[in-house]
Structure formats: C-alpha cells, structure tokens
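Read off the chains here:
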Amino acid sequence: MYQLIFLGAPGAGKGKQAEIFAQNNKLANISTGVMLRNEIASGSALGLELKPIIETGALVSDELVISLIEHRLTQIDCQKGYIFDGFPRTIQQAEELEKFFIKQKIKLPLVVMFDISDENLLARLENRRNSDEHRADDAVEVQKNRLQIYREQTVPLIDYYKQKGQLVRVDANADVEVVQQRLVDVLNVANNS
Ligand code: AMP
C-alpha cells in the first residue's frame, strides 16, 4: 500500500507523474488543484470565493485544503493507497496532516521530491502556456507569483520531511517515461529498506 506525497515546483511534471503512477498501481490520485478547480467549475458559493484567489496564483487557506483532504480520504478509492499532488504546500498543512495521520493511526507517507533545474522549469512553464491544456493560472505574471509562493512557502517542506526521514528524491530533468522509471526505482529501493 502506497501513501505518497509528490513535492516539486509548479511545472516540475509531478501531476503527470502522479497520474501515470496512480493508474499503474490503482491508487487514488488526489490533486488539491484539481479539486479546487472542480469546485470553481461547479459554480458553488465556495467556488466563487476561490476563483479570484486561484487566478492570482495565491494559496487558498490551510483550513480549507485540510478539510477537503480529510473528507477525500474517507472515500472508498483511497483504501488501496493514494498520492497527494500539490498538498501539503505549507508547513502548517504538513503539521496538520501529520496530526491527522497519527490520530487515525495511518502510516506516515513517503515524500517524493521532483528536482528540476530552473532552465527546464522555465521551458516547461512556457510550453504549458502555449499548450491546448493551459489553465487560467498559467499566464506569465501568475506563473511568476506561483513560483515565488512555492519558493517561500513550499520549499521549506523539503527540509521538514528530510529531517523526519520521509524524503526521497527523483531527478525530473528528463522525458515523462524516464522520470516515471526513476520514480518506480526510487520507490522500490525505499520500500525494501
Ligand atoms: P495546482 O494545480 O497544484 O498547481 O494548484 C493550483 C492552485 O490551487 C494553486 O496555485 C493554489 O491557488 C491552489 N492550491 C492547490 N493546492 C493547494 C494547497 N495545498 N494549499 C493551498 N492552495 C492550493
């Protein structure tokens, strides 16, 4: 059973890696970004509140994402394991998640950090802007903001999880298939040690 957290800059390719790994291993692929965008698309009152936050690249409140996650984990498809993509994004979210896991007596997750060079990151973000799948928050200024927020709020999680012995790293400077194979190899080693 896998409980995984995928960590990395916006544009590092962790969403794609999560999609493939979850499908191959029958895991629930839990992306808070997708959940929040679905909420907006539903036209709910909450969605209306979230829209301007997400469109500027800011983070939504820790309380909201924690409650979304706690609810999501009660669903049946999570029983065989899951991947968190884009969560936790702040130290507070990580601490709340840990408390929740300890309370529920769930094994603490392994955290996979997808490392990517600045050069490759900028190239991927540009590709994403020009692709058919681009999102409202892919505009240049918003991407810059998201990257800055990532550096300020999410990068500290790397040390946080390293100190707890939960971190493994994957070099994400390669094609999707190559990175996926590296991920499989790293997890095999981690699970056998
Ligand atoms: P993503 O699809 O992971 O890039 O997320 C898109 C946007 O959703 C982010 O820029 C944030 O506005 C919001 N978001 C997603 N996950 C979180 C989270 N864990 N905490 C706060 N905001 C989030």
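Residues numbered from 1 in each chain as written. Predicted model: local features only at pLDDT ≥ 70, side-chain atom pairs only at ≥ 80, totals over all residues. Heavy atoms only, no water.

**Observations regarding the sheet that holds strand β2 (residues 28-31)**
Basically, it comes down to this: In this description, strands pair whenever DSSP reports at least two bridges between them. Numbering goes from the N terminus for both helices and strands, where a helix is a DSSP run of H or I of at least four residues and a strand is a run of E of at least two. Throughout, an axis means a line fitted to C-alpha atoms (over the contacting stretch in the case of helices), and angles, computed between N-to-C directions, take values from 0 to 180 degrees. We call two residues in contact when some of their heavy atoms are within 4.5 Å.
With respect to topology, five strands assemble into an open sheet ordered β2-β3-β1-β4-β5, the strand pairing being parallel. The open sheet has two edge strands, β2 and β5 (167-171), and neither has a second partner. Looking at each pair of strands side by side, their axes are set apart by 25 degrees on average, direction ignored. Pairing of β2 with strand β3 (residues 81-85) involves four bridges; the strand directions are parallel. Residue pairing in the sheet places A28 in a bridge with Y82 of β3. Running over the sheet, helix α1 (residues 14-25) touches β1 (2-7), β2, β3 and β4 (110-115) and is turned about 165 degrees from β1.

**Some details on unusual backbone geometry**
Cis geometry is found at the peptide bond from F87 to P88, where omega equals -5 degrees. Within the element layout of this structure, P88 appears in the loop between β3 and α5 (91-103). Phi at K26 takes a positive value of approximately 55 degrees, unusual for a residue other than glycine. Summarising the element assignment, K26 is placed in the loop between α1 and β2.

Read these as layout, nothing more, since geometry by itself doesn't imply function.
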